[in-house]
Amino acid sequence: MDRIPNNLGPGSPRGGHRPPRRAPSWGGRVLVVLVLLALFAGKSLLGFWVDWRWFHEVGYSNVFWTFLGAQGTMGLGFAALFLLISVPNLWLALRTAPPPSIPVDLRGKVEVIARKTLGPLLYAGAVALSVLAGLAATGTWNTWLLYRNAVPFGIADPLFHKDVGYYVFTLPMQQFTLGFVMFSLAVTLIACAFVHGVGAVSYYDTRKGWNLFGKAVPPGSARHLSTLVALVLAAKAAGYWLARYDLLTRSSGVVTGGAGYTDVHARLPVLSMLAVLSALAAVVWIAQTFARRVTPGLAMIVAMVLVSFVGGVLYPSGLEQVRVKPNEFEAEKTYIAHNIAFTRKAYGLDGAIQTDFPIVNDLTPGLIRRNAATIANCRLWDYNIAEQAYKQLQEIKPYYVFSSVDVDRYTLNGQYRQVLISAREMNQDLLPEQAKSFQNQHLVYTHGIGVVMSPVNSASEDGQPTFIVKNIPPTTATDLKLTQPRIYFGETDQDWAVVGTTSTELDYPGTPDVYRNYDGKAGMPVGSGLSRLALSGYVGFDSNFLFSRFFTPQSRLLIHREITERVKLVAPFLQLDHDPYPVVANGRVVWLIDAYTTTDRFPYSETAGDFNYVRNSVKVAVDAYDGTITLYKADPNDPILQAYSKAFPGAFKDLSEMPADLRSHIRYPEDLFNIQSRKYLVYHMTEPRTFFTKEDAWDLPKSARGAVGRGGDDDMEAYYVIMRLPGETQQEMVMIRPFTPRSKNNMIAWMAARCDPRDYGRMVVYRFPIDNLPYGPSQIDASILQKPEISKELTLLNQQGSQVILGNMITLPLEKSLLYVQPLYLQSDNQGNRRAELTRVIAAYGDRVQMGASLPDALNALFGEGGGGEPAAAGPGAAPTGRPAVRRAVAAFERAKALQRSGDWAGYGAALKDLESALKQLERESK
């Protein structure tokens, strides 16, 4: 059998072995590294270039450079600090440590390599770590800006008597810097210990060396390491000292915000003791460098550990059980008082005015008519139900969407009216698949158009919203002007678009479709050459963008079109409300967004999630057409906003500069009101003993909502209403939330936040007399279901094939009485026809409950003829006129026809029964 030769072909070297493959040259390796660095740096530089152009486009280039300067200061400063700590110590370690022990047969080249490579490797590691540390420090730019621009709060904490501004602005920077120094010292100590340890292995001079666990340590190494340990202990002492201030933001039992008795009498002294002990330990470690012993220093560390365990764990626990628990209120009352006062300040509750609201229940038809404006603006449309109707009736094309429905108020034809409003936005993802071309998605279908608006209180004959503004292009029979209805920037997460091209944009669909070109100021020029190449990389290296022939010298790229993203880029230090809302002002659509300044460093304040202080300090306006962002100072007295105003001069405008047509639509933000009203459940109690026992604690009322028979009670939501507050002479928009006693169902009080500019932000709480508490929402729910006529009709309506849906219950304070209003909707179970109809309205007063086809009908039944209030003026959105039974019959007939067309025969039968009932009622009334 022949052997297979080792040679693989002609020219193989003798012996059959391959020639050795040449290793890549150092030049080739360097080239690969440079290419990778260029790609990484190129992406970063591209993002930097686009960001700079975008900030310049929106008029906030000074903000961009301030961000960059703060990040650079923190990054470079802390990278340099790391090098300043590590490099001199590494140099000293390499200089003082004995050479590494190497066996005799390996001396020569190995020793030379060891000496030459150890130092460069350690220095390279220090540089690499400094870069990483610097990059991590750039994320604390906000801490640096607040530190540099700190302003006083004018409030001193009750324990250390420092201004609150120290805790909010200065302490975070001190703690970050100290933590960074400790990290740098710890890493340096480990690295230097390694260097000294390598040399100390072969050191046996017991006369000059230190004795450490039976081993001789070189004196130079011992002194160096001992000094580093002393520096770590000194930093630890500073850390213990600063940790005392953190007691003011912790929770401790009944003191839910700030230091309690045990904190002040146990943890605070122990932290002070540990700070002193750590400082003494640092001195001992320095002093023992002359004694060639480490025993005293190790003993100090052991003492610190013991004090930390005994004083930090055992002693506070024992004091809590022996001194605090047996006499808890006496021990904690001072700190409870601090907790109450500072929490109320932190959430703006100290400005709420509490007053009495006597319940008389003396409403008459005359008093109802006196409050006709309040009743005419009572919201009967649930947000979700209205949004469903908007989508089915007014989206018109599949690619249009309504992201949300919001509450606002307008003066229409001379009437101050509360309305629902939603913007019709574009969503290119909903285009048919065959239409999702580059041109369509980015050049043609670029924007939404118009808003839809309807009164909160009325419905059409078929139970749908009656639109004030509707259709495409938007039309209205009121004096509302909407001359620029196009929406290029909105709540929808729209993709980038290019305007000013030869491909005209779809303005709105019609017969035929209408096209036009953008003439606003938004967007950055696409340009040509490198600019176009760079922007194509920014949008994902889209070759269509790079080679498109539709672009012209006037073409501009629109990016960051989702409004919350847009605002967060300009002001990432602000917390944004979850619910931006569109406003028609000066003929344009403008988005208003409430923004907050927060901190978790306010002393003695109870937290709400991840903060314990909040102010609605900024109102943000974003133009839907050109994307202009304007930040208005809504609370110029807020110290955090004052600090940011110093950091970003010119970025904020005074609220007085907001156009009057827009300013009339600012409203008290729902997120803030929800936080404040929940805190007020407990923090309305200002007397420490009452707060401790919680004997006057309140709760949010429960109310049935959703499909009848298919859900439980939910917390009653806060809601906007136009009303005349007690003691006031004119109507205004307020946000309301009722309260009940804890574990009780009666109403105990209600809170109102005023929205109109004249009294904006003022909060008032109306408290009912304790001996005459009115019914609460859950009790009204029970009364509704217990009334035979209502229960029977709900059962009839809730037949198979359809379901009755309960809307939000609204509590209307009128004169010295409470009126409850709850809408009912009827929704088919047919998936093809899920649109709900407003079919009934329930009104309750005292212990009486009535249901009607409309609110005036229910009030007439409740108070007698004339009790329905004065009807709204005729015109768009006015409540339908006519006899209730006629309207009910027409609605049932229209519903029956719709259900017949959809094939929902069970629902069709239920509608016919409803029609029969309405006709019989009409017959009885006509006799």
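About the criteria used
Residues numbered from 1 in each chain as written. Predicted model: local features only at pLDDT ≥ 70, side-chain atom pairs only at ≥ 80, totals over all residues. Heavy atoms only, no water. Helix = DSSP H or I, 4+ residues; strand = E, 2+ residues; numbered from the N terminus. Buried < 20%, exposed > 50% of the residue type's maximum accessible area, 1.4 Å probe, protein only. Areas by Shrake-Rupley, 256 points an atom, 1.4 Å probe, with all protein chains shown as cover. pLDDT = per-residue confidence, 0-100. Contact = heavy atoms within 4.5 Å. Core = buried A, V, L, I, M, F, W, Y, C linked by side-chain atoms within 4.5 Å. Salt bridge = Lys/Arg side-chain N within 4 Å of Asp/Glu carboxyl O. Arc of directions from axis to C-beta. Axes fitted to C-alpha atoms, helices over the stretch in contact; angles between N-to-C directions. Parallel < 35°, antiparallel > 145°, perpendicular 65-115°, else oblique. Nonpolar A, V, L, I, M, F, W, Y, C, P; charged D, E, K, R; others polar. Phe/Tyr/Trp six-rings, centres within 6.5 Å; stacked < 30°, edge-to-face > 60°. Pairing = 2+ DSSP bridges. Patch = residues over 30% accessible without salt bridge, like charges linked within 9 Å, V, L, I, M, F, W, Y side chains within 5 Å.

Helix and strand counts for the protein come out as 25 helices and 35 strands. Within the protein, buried positions represent 51% of all 927 residues. A total accessible area of about 41,900 Å² is found for the protein, and carbon and sulfur atoms account for 58% of it.

Let's shift gears to the confidence of the model for the protein. Here the protein averages 86 in pLDDT, while 84% of its residues score no lower than 70. This stretch, residues 104–108, has a pLDDT under 50; its non-local contacts, to residues over four places away or in other chains, come to two contacts. Low pLDDT (under 50) marks residues 870–881, which in the prediction has 23 contacts with non-local residues, meaning those over four places away or in another chain.

A word on the nonpolar core. In this structure, Phe-545 and Leu-557 are the most contacted members of the largest nonpolar core, which totals 239 residues. With residues up to four places along the chain from it excluded, the contact list for Phe-545 reads Phe-438, Trp-496, Val-498, Val-526, Arg-532, Leu-535, Ser-536, Val-539, Phe-551 and Leu-557.

In this section: the pattern of salt bridges. Taken as a whole and assessed by the stated rule, the structure comprises 34 salt bridges. The shortest N-O distance in the salt bridge between Asp-715 and Lys-702 comes to 2.6 Å. Remark: Lys-702 occurs in strand E24 (residues 702–704) and Asp-715 occurs in strand E26 (residues 713–715); sequence separation between them is 13 residues. Note on Asp-715: relative accessible area 28%, which makes it partly exposed. Note on Lys-702: relative accessible area 39%, which makes it partly exposed. With its nearest N and O atoms 2.8 Å apart, the salt bridge here joins Glu-732 to Arg-754. Taken together, the residues span a long stretch of sequence, with Glu-732 in strand E28 (residues 732–741) and Arg-754 in strand E29 (residues 749–754) at a distance of 22 residues. With a relative accessible area of 9%, Arg-754 lands in the buried category. Among the charged side chains, a network of salt bridges with common partners joins Glu-728, Glu-732, Arg-754, Arg-758, Asp-759 and Arg-762.

Now for helix H22 (residues 788–797). Regarding H22, the residues found buried are Ile-790, Glu-793, Leu-794 and Leu-797. Axial view of H22: buried residues confined to an arc of 105°, hence all on one face. Opposite the packed face of H22, turned more than 90 degrees from it, sit the exposed residues Pro-788, Lys-792 and Thr-795.

Looking at where Tyr-508 falls in the secondary structure, it is placed in strand E13 (residues 505–508). Separated by 59 residues in the primary sequence, Tyr-508 and Ile-449 place their C-alpha atoms 7.2 Å from one another. Non-local contacts of Tyr-508, meaning those with residues more than four positions away in its chain, are made with Tyr-400, Ile-449, Ile-472, Pro-473, Asp-513 and Val-514.

With that settled, consider the packing of helix H2 (residues 61–96) against helix H4 (residues 141–148). At a minimum axis distance of 9 Å, the contact between H2 and H4 shows a crossing angle of 100°. In terms of orientation, H2 lies roughly perpendicular with respect to H4. From H2, Thr-66, Phe-67, Ala-70, Gln-71, Thr-73 and Met-74 reach across to H4, where they touch Trp-141, Trp-144 and Leu-145. Residue classes in the contact of H2 with H4 are distributed as six nonpolar, three polar and no charged.

A few words now on the packing of aromatic side chains. Per the counting criterion, the structure on display carries 49 aromatic pairs. For the ring pair Tyr-167 and Tyr-245, a centre distance of 6.0 Å and an interplane angle of 75° mean the geometry is edge-to-face. Within this pair, whereas Tyr-167 is found in helix H5 (residues 164–200), its partner Tyr-245 is found in the loop between helix H6 (219–243) and helix H7 (261–287), the two being separated by 78 residues in sequence. Grouping residues by exposure puts Tyr-167 and Tyr-245 together as buried. Ring geometry for Tyr-845 and Phe-863: centres 5.1 Å apart, planes at 50°, overall tilted. Placement of Tyr-845 in strand E34 (residues 837–845) and of Phe-863 in helix H23 (residues 855–863) is noted, with a sequence separation of 18 residues between them. Considered together, Tyr-845 and Phe-863 belong to a single accessibility category, that of buried residues. An aromatic cluster of at least three residues, connected via ring pairs, comprises Phe-48, Trp-54, Phe-55, Phe-64, Trp-65, Phe-67, Trp-141, Phe-573, Tyr-644, Phe-648 and Phe-652.

To continue, consider the sheet that holds strand E12 (residues 497–499). Strands sit in the order E12-E16-E15 across an open sheet of three strands; the sheet is antiparallel. Of all strands in the sheet, those with a lone pairing partner are E12 and strand E15 (524–525), marking the two edges.

Next up on the list: the side chain of Ser-422. Structurally, Ser-422 can be placed in strand E6 (residues 415–426). Filtering out sequence-adjacent residues up to four positions away, Ser-422 remains in contact with Tyr-390, Phe-402, Ser-403, Ser-404, Val-405, Val-451, Val-452 and Pro-582.

All right, on to the environment of Phe-153 then. On the secondary structure map, Phe-153 appears in the loop between H4 and H5. Residue Phe-153 is classed as buried on the basis of its relative accessible area, which comes to 12%. The contacts of Phe-153, once residues within four sequence positions are left out, are Asp-163, Val-164, Gly-165, Val-168, Phe-169, Phe-602, Tyr-613, Pro-639 and Ile-640.

A few words on a nonpolar patch on the surface. On the surface, Val-127, Leu-129, Val-131, Leu-132 and Leu-135 cluster together into a nonpolar patch covering about 440 Å² of accessible area. On the secondary structure map, Val-131 appears in helix H3 (residues 109–138). Looking at Val-131, the relative accessible area reads 45%, which means it is partly exposed.

In terms of residue burial, E6 counts as a mostly covered element, since 10 of its 12 residues are buried. The pairing of strand E5 (residues 406–412) with E6 spans seven bridges and is classified as antiparallel. The partner of Arg-409 across the bridge, within E6, is Gln-418. Joining the antiparallel neighbours E5 and E6 is a turn of two residues, in which Asn-413 adopts a positive phi near 50°. Note that E6 and strand E8 (residues 451–455) share five bridges and pair antiparallel. Bridged to Leu-420 within E8 is Ser-454.

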